[in-house]
Amino acid sequence: MLKMHRKTDAGSKRTGVISEMDYKGLHGKALYWILFALLCIAVAVSLIPPLYVFVSSVKDTKEFYQIPPTIIPKTVDLSKIVEVWKRYDFKRYYLNTAFVAVFSVTWSLFSNGLAGYVLSKIKPRGHKIVFALVMASLMIPTTISIVPLYKNFVSFPIGGFSMINTYFPMILMTGCNAFMVIVYKSFFDGIPTDLLDAAEIDGCGTVAKFCHIVAPLSKSVLATGAILAFNATWNDFFWPYLVLKESSKATVMIEIFAVRGSVSQDKLLVLLAFAILPPALIFIFFQKNIMQGLTMSGIKG
């Protein structure tokens, strides 16, 4: 938002990128409309591809090969949605992906949140070094870790068991997110330490203080972490494709990739619409939690 409105004793004031004083000037108004136009372009670039998928998924096959191609479908065939869902047994792949997503979100909230809590409130010896390493890990390209991670999944260093063809690799990796650890730590820094000291006097242990004191006060940032973890897990293609060997365990993205060459263009877009819909709905309904969680994580108490 270029301008945010909040009520004060003096009335309604503009706060944000452009202040009230700047907006009154010619240069301020020009900057405002330039930024507004850029944001409109960014919104259009972001929305046009998924909207095209949803609209084109109900087109007739002939319209895909028509010259010039149609943007708004001349015919609408909603029966294809049910036909594709049943033919490719998408219910099973939805359940597989939902299973991975639910456990990934749970593990992400617990492990990343607990790590941020330890760095923020417990502060054991060497916590500054650990936090510096977490910050430094953000600079490491993710491609560097692919081979070591895969070797660990093939033969885990402790016990030598294999996690190939299981959902454990995808679930475990969501609990090692340096960015979310930093977000949680920044948010927890704003929680008064007196509350935790009082809970400790009442007999609460470390995990109990996190579950009963910190977590209820951090619903916005936890909701943000849950939404981001869900979307990342749902849209993940690389690791499920690399790890899962049985088609019965495939996720939504793997199934779409597997059948891409054997379906017509219109039915492929129906499958893509199935894949886009859950994360899109979650983002639409909970976008305020994302903005609030990420914004409040920068506030210090």
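Residues numbered from 1 in each chain as written. Predicted model: local features only at pLDDT ≥ 70, side-chain atom pairs only at ≥ 80, totals over all residues. Heavy atoms only, no water.

Please explain the layout of surface pockets as it appears in this structure.
The probe, sized like a water molecule, is rolled over the atoms to show the empty space still left. When its volume is computed, the largest pocket comes out at roughly 1,000 Å³. Lining the largest pocket are 31 residues, and of these Thr-142, Leu-149, Met-173, Cys-176 and Asn-177 sit closest to its centre. When residues of the lining of the largest pocket are traced back to their parent elements, those giving at least two are α7 (146-154), α8 (168-173), α9 (178-188), α12 (219-235) and α13 (238-243). Per element, the largest residue contribution to the lining of the largest pocket is 5 residues, and it comes from α12. Taken together, the residues that form the lining of the largest pocket break down as 20 nonpolar, 10 polar and 1 charged. (1 Å grid on protein atoms, 1.4 Å probe; cavity = no way out; pocket = protein on both sides within 12 Å on 5 of 7 lines; lining within 4 Å. Points joined across faces, edges and corners; volume = space filled by probe spheres on them. Helix = DSSP H or I, 4+ residues; strand = E, 2+ residues; numbered from the N terminus. Nonpolar A, V, L, I, M, F, W, Y, C, P; charged D, E, K, R; others polar.)

Quick question: what am I supposed to make of unusual backbone geometry here?
Working note: non-glycine residues mostly have negative phi, and peptide bonds are mostly trans. Of note in the backbone geometry, Asp-89 takes a positive phi value of approximately 50° without being a glycine. Tracing the backbone shows Asp-89 in the loop between α4 (79-87) and α5 (90-122). Accessibility expressed as a relative area gives 36% for Asp-89, which makes it partly exposed. With a phi close to 50°, Lys-123 is a non-glycine residue in the positive phi region. (Buried < 20%, exposed > 50% of the residue type's maximum accessible area, 1.4 Å probe, protein only.)

Please clarify how the packing of aromatic side chains should be interpreted in this entry.
The description of an aromatic ring pair uses the distance of the two centres, along with the angle that the planes make with each other. Taken as a whole, this structure holds 24 aromatic pairs when the rule is applied. When the ring of Trp-85 is compared with that of Phe-90, the centres are 6.2 Å apart and the planes differ by 50°; the resulting orientation is tilted. For the ring pair Phe-90 and Tyr-93, a centre distance of 6.0 Å and an interplane angle of 70° mean the geometry is edge-to-face. Of this pair, Phe-90 and Tyr-93 both sit in helix α5, 3 residues apart, which is roughly one turn of that helix. Three or more aromatic residues link up through ring pairs in this structure, and these residues are Trp-85, Phe-90, Tyr-93, Tyr-94, Phe-230, Trp-234 and Phe-274. Positioned above the aromatic ring of Phe-131, the side-chain terminus of Lys-185 is 4.8 Å from the ring centre. (Phe/Tyr/Trp six-rings, centres within 6.5 Å; stacked < 30°, edge-to-face > 60°. Lys NZ or Arg CZ within 6 Å of the ring centre and 35° of its normal.)

Help me out: how do you make sense of empty space enclosed by the protein in this one?
For the structure on display, the rule yields 1 cavity of 30 Å³ or more. In this structure, the largest cavity occupies an estimated 30 Å³ of space. Its residues assigned to classes, the lining of the largest cavity shows 3 nonpolar, 3 polar and no charged.

Could you clarify how one ought to interpret the confidence of the model for the protein in this entry?
The predicted coordinates ought not to be read in detail in places where the model reports low pLDDT. Mean pLDDT over the protein: 82, with 88% of residues reaching 70 or higher. Predicted confidence for residues 1-12 stays below pLDDT 50, and this span has 24 contacts to residues more than four positions away or in other chains. (pLDDT = per-residue confidence, 0-100. Contact = heavy atoms within 4.5 Å.)

Hey, could you run me through the state of the cysteines in this one?
One covalent bond between the sulfur atoms of two cysteine residues makes up a disulfide. If you walk through the whole model with that rule in mind, you get 0 disulfides. Here Cys-204 stays unpaired: no disulfide links it, and the sulfur of Cys-211, its closest cysteine neighbor, is 9.8 Å away. (Disulfide = S-S within 2.5 Å.)

Looking at this structure, I do not really get the environment of Leu-271. What am I missing?
Locating Leu-271 in the fold gives a position in helix α15 (residues 265-296). Of the residues examined, Leu-271 reaches a relative accessible area of 0% and is grouped as buried. Here the alpha-carbon distance between Leu-271 and Ile-81, two residues 190 residues apart in the chain, equals 8.6 Å. The contacts of Leu-271, once residues within four sequence positions are left out, are Val-84, Tyr-88, Phe-90, Ile-256 and Val-259.

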